[in-house]
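Report on the structure
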Amino acid sequence: KKNPVTIILDNVLDTYNVGSMFRLADAVAAEKVILCGQTLTPPNSRIKKASINTWQWVDWEYIESTLDAVNKLKSENVTIVAVEQDARSKPFYKVTYEFPLAIVVGNETSGVSKNVLDLADMIVEMPMWGINTSLNVMVSCGIILYEIMKQHE
């Protein structure tokens, strides 16, 4: 049984992160992974290695435009949750999540595209208390997805 969760990768460039997202999608029984923009797709040897072959049984598709992917899901009444540090964002653990939802994570350097943030139903962030201002995209997504799953247990 799949959970009504979609993971959208908005120009995630590191193939290790892409492969790890497939492992995460399998771990939370997500319905689908959508790869967008410059995100590389399977079969790719580095994605295959990082995913430990989970890309073969996790449903996925490539949609060139992240905006198109978000608009498609919004038309299906899927809540769009962007993970980004933004003036509009809330700490991920202070939000109530409703299924079905899609979680959007962005490029390792520039984050989620501004036009995608503007379409999101909510923006959540990982509070950072140290000197560094960001976490790895897969780590952030994993922590937030486990909070979502905990709320729906």
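A short tour of the structure in this document, coming up. (Residues numbered from 1 in each chain as written. Predicted model: local features only at pLDDT ≥ 70, side-chain atom pairs only at ≥ 80, totals over all residues. Heavy atoms only, no water.)

Turning next to the overall build of the protein. Across its full length, the protein carries five helices and seven strands. Taken from N to C terminus, the helices and strands of the protein fall in the order β-α-β-α-β-α-β-β-β-α-β-α. For 153 residues, the compact-globule estimate of 2.2 N^0.38 gives 15 Å, and the C-alpha radius of gyration of the protein, at 14 Å, lies within 12% of that figure. With respect to the three principal axes, the spread of C-alpha positions in the protein is 40 × 35 × 30 Å. For the protein, with 153 residues in total, the buried portion stands at 48%. The contacts in the protein between residues at least 6 apart in sequence include a share of 80% that link residues at least 24 apart. Just so you have it, the protein exposes about 7800 Å², and 51% of that area is on carbon and sulfur atoms. Considering the protein, the positive charge centre built from 14 side chains and the negative charge centre built from 18 side chains are found 4 Å apart. (Helix = DSSP H or I, 4+ residues; strand = E, 2+ residues; numbered from the N terminus. Rg over C-alpha atoms; globule rule 2.2 N^0.38 Å. Buried < 20%, exposed > 50% of the residue type's maximum accessible area, 1.4 Å probe, protein only. Contact = heavy atoms within 4.5 Å. Areas by Shrake-Rupley, 256 points an atom, 1.4 Å probe, with all protein chains shown as cover. Lys, Arg positive; Asp, Glu negative; His and termini not counted. Charge placed at Lys NZ, Arg CZ, Asp CG, Glu CD.)

As judged from the four bridges shared by strand β2 (residues 30-36) and strand β3 (residues 60-63), these two strands associate in the parallel manner. Bridging across to β3, Val33 finds its partner in Trp60. Regarding topology, helix α2 (residues 45-51) serves as the crossover connection from β2 to the parallel β3, and that connection is right-handed. (Pairing = 2+ DSSP bridges. Right-handed = clockwise from strand over helix to strand, strands pointing away.)

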